[in-house]
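# Fold and contact review
Residue-level listing of the chains:
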Amino acid sequence: MANGNLRNMKFEDIAQKPNISKAMLKRISRYFIPYWKQTVLVLVILLLTSLLGLLPPILIQHIVDGALPSKDLRLLVTLVVASLGATVVAGLLGVLQTYLNSFISQNIVYDMKNQMYRHLQRMPLQFFSNVKQGEVITRMTSDISGIQGVFNSTVVNFANNSFILVSTFVTLLIMNWKLAILAIVIVPLFIVPTRKMGKIRWKLAKQTQEKMSDQNHIIQETLSLSGYMLMKLFTKEEKEFSSFRSINSESKRLQIRESMAGRWFMMLLTTFTSIGPMLIYLYGGYLYIQGDITVGGIISFVALLSRIYGPFGQMTNLYVDINRSIALFERIFEYFDMEPNIVDRPNAIPMNPAKPDIAFHEVGFAYQQDKQALRNITFTAKLGTMTALVGPSGAGKTTITNLIPRLYETDTGSIRIGGTDIRDMTLESLRSQIGLVTQDSYLFNGTIKDNLLYANSEATYEEMTEACKAAYIHDFIMEFPEGYDTVVGNRGIKLSGGEKQRISIARVLLKDPAIIIMDEATSSLDTVSEYYIQRAMDLLLRNKTSIVIAHRLSTIMAADNILVVQDGTIVEEGKHEQLLLNNGVYKDLHSKQFDRSRNDSERLLEA
Ligand SMILES: Nc1ncnc2c1ncn2[C@@H]1O[C@H](COP(=O)(O)OP(=O)(O)OP(=O)(O)O)[C@@H](O)[C@H]1O
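Keep in mind that what you see is a predicted model, and the values were worked out from it rather than measured.

## Comments concerning the overall build of the protein
A tally of helices and strands in the protein yields 20 helices and ten strands. Taking all 607 residues of the protein together, the buried fraction comes to 30%. Long-range pairs, those at least 24 residues apart, make up 81% of the contacts in the protein with a sequence separation of at least 6.

## So, the packing of helix α14 (residues 461–470) against helix α16 (residues 497–511)
Running from amino to carboxyl end, α14 crosses α16 at an angle of 130 degrees, the nearest separation of the two axes being 8 Å. Accordingly, the angle class assigned to the pair α14 and α16 is oblique. Between α14 and α16 lies a crossing of right-handed hand. Residues Glu463, Met464, Ala467, Cys468 and Ala470 of α14 form the contact with α16, whose own contacting residues are Ala506, Leu509 and Leu510. For the contact of α14 with α16, the residue count by class is seven nonpolar, no polar and one charged.

## Thoughts on the pairing of strand β1 (residues 358–368)
As judged from the seven bridges shared by β1 and strand β2 (residues 371–381), these two strands associate in the antiparallel manner. Looking at the pairing, Ala359 lines up with Thr380 of β2. Where β1 meets strand β4 (residues 412–417), five bridges bridge the pair, whose relative direction is antiparallel. Counted as the bridge partner of Ala359 is Arg416 from β4.

## Examining α16
Helix length check: α16, at 15 residues, gives a terminal C-alpha distance of 21 Å against a target of 21 Å (1.5 Å per residue), a fit within 8%. The buried count for α16 comes to 13 of 15 residues, which makes it a mostly enclosed element. Where α16 terminates, the next one or two residues include Asp512, which has phi positive at roughly 50 degrees.

## Remarks on the site of the ligand
As a matter of local geometry, the ligand sits amid Ser129, Tyr367, Ala373, Gly391, Ser393, Gly394, Ala395, Gly396, Lys397, Thr398 and Thr399. Ranked by residue count, the leading element in the shell around the ligand is helix α11 (residues 397–403), at three residues. Class assignment of the residues belonging to the shell around the ligand gives a composition of three nonpolar, seven polar and one charged.

## Thoughts on the sheet that holds strand β5 (residues 420–421)
Strand order in this open sheet of four strands is β2-β1-β4-β5, and the pairing throughout is antiparallel. Because the sheet does not close on itself, it has two edges, and the strands there are β2 and β5.

## Some thoughts on the UniProt feature "transmembrane region" (unreviewed entry) in the protein
Per the UniProt entry, the sites bearing "transmembrane region" (unreviewed entry) are residues 35–55, 75–96, 163–192, 261–280 and 286–305 in this numbering. With 95% helix and 0% strand, residues 35–55 has end C-alpha atoms that lie 31 Å from one another. A helix fraction of 100% and a strand fraction of 0% characterise residues 75–96, whose end C-alpha atoms lie 32 Å from each other.

## Focus on the sheet that holds strand β3 (residues 386–390)
Spatially, β6-β7-β8-β3-β9-β10 is the arrangement adopted by the six strands of the open sheet, whose pairing is mixed. Two strands bound the open sheet, and with one partner strand each, they are β6 (434–437) and β10 (569–574). In this sheet, neighbouring strand axes are inclined to one another by 20 degrees on average, regardless of whether the strands run parallel or antiparallel. As defined by bridge partners, strand β9 (residues 561–566) adjoins β10 across five bridges and the pair is classed as antiparallel. What sits directly across from Val564, in β10, is Glu572.

## Some thoughts on the environment of Met116
Within the secondary structure, Met116 is located in helix α3 (residues 73–122). For Met116, a count of 18 C-beta atoms within 10 Å translates into the label partly exposed. Apart from the residues within four sequence positions on either side, Met116 is in contact with Met140, Ile144 and Tyr335.

## As for the nonpolar core
One finds Ala388, Leu389, Ala471, Ile505, Ala506, Leu509 and Ala536 to be the most contacted residues of the largest nonpolar core, which totals 70 residues. Ile28, Val42, Ile322 and Ile332 belong to the second largest nonpolar core, which has 21 residues in total.

## A closer look at the domain arrangement of the protein
How large an interface is tends to be reported as the accessible area lost when its parts come together. By domain assignment, the protein separates into domain 1 (6–336) and domain 2 (374–433 + 545–607). Measuring from the centre of the C-alpha atoms in domain 1 to the corresponding centre in domain 2 gives 61 Å.

## Some words on unusual backbone geometry
A positive phi angle is found at Glu362, which is not glycine, with a value near 45 degrees. Within the chain, Arg406 stands out as a residue other than glycine whose phi angle is a positive 60 degrees. In this fold, Arg406 is placed in the loop between α11 and β4.

## Here we look at the confidence of the model for the protein
Scored by pLDDT, the protein comes out at a mean of 84, with 90% of its residues at no less than 70. Here helix α20 (residues 585–606) stands out as the least confident element of the protein, with mean pLDDT 64; β4 is the most confident, with 95. In the model, residues 1–16 has pLDDT below 50 throughout and makes 24 contacts with residues more than four positions away in sequence or in other chains. Reported confidence for the predicted complex is 0.96 by ipTM and 0.74 by pTM.

Criteria and thresholds
- Residues numbered from 1 in each chain as written.
- Predicted model: local features only at pLDDT ≥ 70, side-chain atom pairs only at ≥ 80, totals over all residues.
- Helix = DSSP H or I, 4+ residues; strand = E, 2+ residues; numbered from the N terminus.
- Buried ≥ 20, exposed ≤ 12 C-beta atoms within 10 Å, placed from the backbone.
- Contact = placed C-beta atoms within 7 Å.
- Axes fitted to C-alpha atoms, helices over the stretch in contact; angles between N-to-C directions.
- Parallel < 35°, antiparallel > 145°, perpendicular 65-115°, else oblique.
- Left-handed = near helix turned anticlockwise from the far one by under 90°.
- Nonpolar A, V, L, I, M, F, W, Y, C, P; charged D, E, K, R; others polar.
- Pairing = 2+ DSSP bridges.
- Expected span 1.5 Å × (residues − 1).
- Near = placed C-beta within 6 Å.
- UniProt positions renumbered as here; feature names shortened; annotations may be inferred.
- Core = buried A, V, L, I, M, F, W, Y, C linked by C-beta atoms within 7 Å.
- Domains from an automatic or database assignment.
- pLDDT = per-residue confidence, 0-100.

Right under this line is the structure:
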């Protein structure tokens with residue numbers, strides 16, 4: 001999916017089983033590079049603790065065979081203190097190691113989250129319209145946070161157990177090779193079921209993860225503001241709850257199965273673990289009778305043996321943990337591999353705000369490969385003029401306007417501003433010179449002031465109130481007890497559509513860009529509100545090059561040029577009167593769409 005074609009991407013596509021390739025491991029290890037010193041230190045500590053762990057069992061032999069038979073109290077105390085000391089030092093090193101583990105993993109999570117946020121900021125709009133609700137949040141939070149367990153459950157687990165196994169086995173061999181071989185004979189009994197068990201647990205873990213993602217999806221869809229309203233208005237609470245409950249119950253069942261799958265195995269493992277010492281007592285006892293080993297030797301041997309079987313038990317989870325970790329990295333890398341396709345060209349130049357005339361030349365665009373949204377769009381919006389876009393719903397008006405700030409990239413043809421192709425301009429300069437007022441003006445959940453100053457954080461209080469007065473919203477804002485410090489609620493839910501749009505106009509006035517793109521509100525505005533918006537717009541558009549998706553007759557009458565869009569192409573162009581005389585699409589549209597608004601306007605004028 002590298003350099004992937006975003007249009008055909010299925011984000012929910014997750015590899016069934018992760019592909020543990022060399023390149024993948026290399027890519028993962030890159031995240032550890034900045035923390036290599038800490039990682040090496042962890043490995044050294046693990047090596048030290050595994051060696052220190054050998055001391056107490058070895059010292060037991062000297063206690064039983066040396067200090068006790070010779071009744072040497074001094075030696076006994078020395079050996080016990082040494083054994084105790086080894087345990088305490090290992091414990092202290094363990095504390096340091098826990099700190100380092102957490103330091104390394106939290107830093108990697110920190111780096112990845114920053115990298116992901118930066119990356120997602122650069123993704124095109126198309127990405128966010130394709131991606132499942134909640135998916136971005138899941139990847140940003142639980143997937144990346146899952147990485148913090150990776151270091152512990154894989155790197156540390158693997159290194160620690162390997163050190164313990166090797167050091168203990170070598171010690172056993174040195175002590176008595178015959179007994180060591182006997183102890184190891186039963187190891188295959190662990191290994192064979194371990195692999196099988198690992199696979200089952202991996203499958204269950206994977207299914208659980210998918211269910212969790214589905215659950216997040218439902219939560220996002222139904223407990224977000226618009227989803228919640230949809231659910232309530234269509235009285236789908238019961239239906240949504242029943243889907244949620246069924247997924248919830250499925251994930252519960254899977255999680256219980258996952259933990260039980262491990263339990264049976266652990267039971268068998270415990271049984272095997274006790275077989276080992278019994279065999280050692282039996283065969284070791286025989287060797288003792290033969291005079292080949294001491295009592296201390298047998299006790300020490302059994303104590304060391306417990307160090308071998310323990311790590312084997314833990315290694316059973318390693319297969320699952322490695323796969324789970326790789327799957328997490330895969331999901332994260334899948335996002336990183338999507339190249340943001342709208343970026344600055346190497347020699348991009350800043351836009352010249354003094355020449356904001358816009359020229360479309362044979363522009364074509366498709367959201368999906370087989371469905372052309374725009375075809376052969378050619379027009380010029382001259383400096384300081386207003387161009388109105390009219391046409392039936394779905395004709396492509398919004399699409400035309402979205403191409404100007406490069407929210408989407410044209411497939412064919414070109415758009416020039418002041419004679420320069422917008423693809424040759426820096427995105428930042430281009431977008432900073434475009435003010436967009438959409439129908440559904442987005443306000444974030446903060447104060448009115450915060451929302452306004454988002455356009456220009458340097459603006460003074462006077463500039464802000466001036467803009468709001470010009471947008472005919474100042475008096476309304478001042479009616480709130482907290483004035484500009486009133487919190488607007490999620491997406492500005494506490495304000496009406498008209499009020500939001502006027503705040504949005506004030507915001508653009510504060511930004512003071514050279515080009516204005518406006519999508520007039522179609523409905524939900526009363527006549528008075530419409531009147532104020534009209535007045536606000538007049539000010540906003542004065543001396544600016546503007547493109548307005550027009551739904552109101554008054555806007556159309558004021559427009560310098562009207563483009564009639566139908567089925568993704570411009571079918572007529574001209575001024576209002578001229579177009580009416582054409583007796584074509586515009587005339588039709590006009591009689592259907594604008595008669596009502598004309599009546600309204602006339603009524604208002606009379607009033
Ligand atoms: N993000 C998208 N992904 C895929 N197709 C889209 C997307 N946005 C719009 N379309 C499709 O592109 C076509 C043009 O849509 P557009 O929103 O530009 O129309 P419009 O003229 O602005 O309509 P309206 O007046 O209803 O807002 C429509 O067929 C629409 O379904």
